[in-house]
Every structure is written in C-alpha cells, then in structure tokens.
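Residue strings, one per chain:
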Amino acid sequence: MQDVQTLIQKDRIPQHVAIIMDGNGRWAKQHGLQRMFGHKQGVQTVHNITTAAAELGIRYLTLYAFSTENWNRPQEEVDALMALLVDTIRKETPTLMENNVRLMTIGDLNRLPELTRQKFVECLEQTSHNTGLNLVLALSYSSRWEITNAFKRAIDDAQKGLLTADDIDDVKVSAYMTTAGIPDPDLLIRTSGEYRISNFLLWQLAYSELYFTNCLWPDFTVDEFYAAIVDYQHRERRFGKTSEQVSKI
Ligand code: FPP
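What you see is a predicted model, and the numbers here were worked out from it, not measured in a lab.

**Let's talk about the nonpolar core**
Logical step 1: One finds V17, I19, I58, L61, I189 and F225 to be the most contacted residues of the largest nonpolar core, which totals 43 residues.
Logical step 2: The set of elements that each furnish at least two residues to this core consists of β1 (16–20), α2 (35–56), β2 (60–67), α3 (75–98), α4 (114–126), β4 (134–141), β5 (187–190) and α7 (222–233).
Logical step 3: Membership of the second largest hydrophobic core comes to 15 residues, among which are A18, I20, I106 and F200.

**Some words on the pairing of β5**
Logical step 1: The side-chain alternation of β5 yields two buried faces, one formed by L187 and I189 and the other by L188 and R190.
Logical step 2: As defined by bridge partners, β1 adjoins β5 across four bridges and the pair is classed as parallel. In the sheet register, I20 faces β5, and the bridge partner there is R190.

**Notes on the packing of α2 against α3**
Logical step 1: Packing of α2 against α3 leaves a shortest axis separation of 11 Å and a crossing angle of 25 degrees. The pairing of α2 with α3 is recorded here as roughly parallel in orientation. The chirality of how α2 crosses α3 is right-handed. In this structure, α2 contributes R35, M36, H39, K40, V43 and H47 to the contact, and α3 contributes E77, A80, L81, L84, T88, E92 and T95.
Logical step 2: A per-class count over the contact of α2 with α3 returns five nonpolar, four polar and four charged.

**As for the site of the ligand**
Logical step 1: Around the ligand, 17 residues are found, and the nearest of them are D22, G25, R26, R35 and R73.
Logical step 2: For the ligand, an oxygen atom lies 3.4 Å from a polar atom in the backbone of G23.
Logical step 3: Contact distances for the ligand include 2.7 Å between an oxygen atom and a backbone N or O atom of R26.
Logical step 4: Notes on the ligand: free accessible area 620 Å², of which the protein chains cover 91%.
Logical step 5: The set of elements that each furnish at least two residues to the shell around the ligand consists of α1 (24–30), α2 and α3.
Logical step 6: Among the elements that make up the shell around the ligand, the one with the highest residue count is α2 (four residues).
Logical step 7: Here the residues of the shell around the ligand sort into six nonpolar, seven polar and four charged.

**Concerning the packing of aromatic side chains**
Logical step 1: This model, assessed by the stated rule, comprises seven aromatic pairs.
Logical step 2: Ring centres 5.1 Å apart and planes at 45 degrees place the aromatic pair Y195 and F212 in the tilted group. Of this pair, Y195 sits in the loop between β5 and β6 (209–212) while F212 is found in strand β6, placing the two residues 17 residues apart along the sequence.
Logical step 3: Judged by its relative accessible area of 26%, F212 is partly exposed.
Logical step 4: On the numbers, 5.5 Å between centres and 50 degrees between planes, the contact of Y207 with F239 is tilted. Taken together, the residues span a long stretch of sequence, with Y207 in the loop between β5 and β6 and F239 in the loop between α7 and α8 (243–247) at a distance of 32 residues.
Logical step 5: Joined through ring pairs, the aromatic side chains of Y64, Y141 and F200 make up one cluster.

**Things to note about the side chain of T116**
Logical step 1: One can find T116 in helix α4.
Logical step 2: Residue contacts for T116: discarding those within four places in its chain leaves M82, L85 and V86.

**Section: α2**
Logical step 1: Helix length check: α2 (22 residues) gives 32 Å between terminal C-alpha atoms against 32 Å at 1.5 Å per residue, within 8%.
Logical step 2: All buried positions along α2 are accounted for by M36, G38, H39, G42, V43, T45, I49, T50, A52, A53 and L56.
Logical step 3: Tucked inside the fold, the buried residues of α2 contact β1, α1, β2, α3, β4 and α7.

**Notes on empty space enclosed by the protein**
Logical step 1: According to the stated counting rule, one finds one cavity of 30 Å³ or more in the structure shown.
Logical step 2: Taken as a whole, the largest cavity encloses approximately 60 Å³ of empty space.
Logical step 3: What lines the largest cavity is simply H16, T62, V136, T179, I182, P183, D184, P185, L201 and Q204.
Logical step 4: For the lining of the largest cavity, the class distribution of residues is five nonpolar, four polar and one charged.

**A closer look at helix α5 (residues 143–159)**
Logical step 1: Along its 17 residues, α5 runs 24 Å from first to last C-alpha, staying within 8% of the 24 Å computed at 1.5 Å per residue.
Logical step 2: Buried within α5 we find S143, W145, E146, A150, A154 and D157. In a view along the axis of α5, the buried residues occupy a sector of 160 degrees, so they form one face of it. α5 presents R144, F151, K152 and Q159 as exposed residues on the side facing more than 90 degrees away from its buried surface.
Logical step 3: Of the surrounding secondary structure, the elements contacted by the buried residues of α5 are β4.

The rules behind the values
Residues numbered from 1 in each chain as written. Predicted model: local features only at pLDDT ≥ 70, side-chain atom pairs only at ≥ 80, totals over all residues. Heavy atoms only, no water. Core = buried A, V, L, I, M, F, W, Y, C linked by side-chain atoms within 4.5 Å. Buried < 20%, exposed > 50% of the residue type's maximum accessible area, 1.4 Å probe, protein only. Helix = DSSP H or I, 4+ residues; strand = E, 2+ residues; numbered from the N terminus. Pairing = 2+ DSSP bridges. Axes fitted to C-alpha atoms, helices over the stretch in contact; angles between N-to-C directions. Parallel < 35°, antiparallel > 145°, perpendicular 65-115°, else oblique. Left-handed = near helix turned anticlockwise from the far one by under 90°. Contact = heavy atoms within 4.5 Å. Nonpolar A, V, L, I, M, F, W, Y, C, P; charged D, E, K, R; others polar. Near = heavy atom within 4 Å. Polar contact = N/O pair within 3.5 Å; in protein donor to acceptor, adjacent residues only side chain to side chain. Areas by Shrake-Rupley, 256 points an atom, 1.4 Å probe, with all protein chains shown as cover. Phe/Tyr/Trp six-rings, centres within 6.5 Å; stacked < 30°, edge-to-face > 60°. Expected span 1.5 Å × (residues − 1). 1 Å grid on protein atoms, 1.4 Å probe; cavity = no way out; pocket = protein on both sides within 12 Å on 5 of 7 lines; lining within 4 Å. Points joined across faces, edges and corners; volume = space filled by probe spheres on them. Arc of directions from axis to C-beta.

Okay, structure coming up:
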C-alpha cells in the first residue's frame, strides 16, 4: 500500500486544523484501565500530532483539551486532568521551544486552578516569540461561553461610546471572540465515532470541512492524521458559490 504521507499535496496544506480529541475514557475501558490512563495516553497522541502538524507547515492547530462542561465531571477526574495539564506543560515546554512552536490558549483561563493557570501563563510567555506552528489549547472553553462573553464585552464598549450598531459586521464579531486574530479552521477532525460539534468553535466553523473517524483519540496515529489531510485536499470548498465559480480561481 502507498505511504499515505506521499499522497499529501504540499502546496495545499490547511492553514488551521482544529481537533475534538474524544474517546480517552472508552480507550481506557477497552484496556481494562481507569479513565485517567486514557487521558495520559491521549497526551502522547497530542505530542505526536503536534510534531506532525509542525513538520507539515500547518500554521494553527487548535485542540479541545477541556470544555466548560468538563467542569461537571467527577471532581477526582477534574483534579487529575488539571494535574496532567500542568505536568504535560512542564515536560513539553522544551519540545515546544525546540520545534519553534508557540503556545496559545482560548477559553476562560480564570476558572483554572491558580497553579495550572500560572504554568500556562509561563509557557505562553516563554514560547511567545516562536514563529512556527501556533498550538492553540482550548481550556475551559465552550462556544456559548465565548459568544456570551463577546456580547458582554461589546455592550460594555458600546456603553463607553467605543462601538455603535453600524460598526458591527462579521469581522467585528470575530474580533470579540477569544480566537481574535486566528484564521477560521479549514478542517475540523473529531475522533471516536461521535458526529457532534459539542459547543466547539460554532462561529468559526461556518465554512470548515468536517472529518469524523471512529478511531479513539489515544489510537489516532500520525498516518490517520495524514489521511484526514488527504481527504480534506479532495474536497471542493465553495463558500456558498457554485462549482464553476470556484474552479476559475
Ligand atoms: C475526551 O475523552 C477528552 C478529554 C475531555 C480531555 C482531553 C485531554 C487530553 C487528551 C489530555 C491533555 C491534553 C493536552 C493538550 C495536554 P473522554 O474522556 O470524553 O472520552 P470518552 O468519551 O470515551 O469518555
């Protein structure tokens, strides 16, 4: 069988790939392990996919690491996930530096435990001058939180006389999102056979190509990632236009 990596067209690499990393718990169950082992194995996949994305020249990789709704999981799992995030940041920061990767975050960082928040802020500062891949972690993030927050900030600005209804268009709305300055995802991948968006980047995914795979996140290999990119490269992105219109571009 042909090596899937060779099928990737180097001149059509998506600029921004977003991933809903799902299935850690089911992977652990399949292996007769506790859920946290699934999350730990998931970190290894994060490492592999981030490295592959940087090598391909993808500009932004956004990973849904912890949703607003994940705060409702059993306290023991929430605490263990926070500890895992801190541990991962501590261990992986040298790799991010070596690979010229800049860490970014979206979400309500104020809800994170102080130690976790501090670790992220340190890593954000340390990697802020890196010019390769931008690794965007969605932490305590949900679209409805983000959109609600955007409304509040816009009304605040209007009350200060900084914004009027006439100023508002889709570019302005984007600027109020936590993703301000980040291009919309070209491709969204979701693992584990679920066909949902789960409150992730609802505004930003308007024209993204969607790719679903049954593979559980800890089993998601670099070759599976390449296969998603190849699939994306065979899609025709029309942005509401006709096929004839876009083929002229
Ligand atoms: C979904 O699996 C995964 C999560 C809620 C957490 C994702 C976290 C990691 C991969 C580890 C830390 C990440 C980084 C970026 C360092 P699930 O628990 O919902 O799985 P299930 O649906 O099978 O129960």
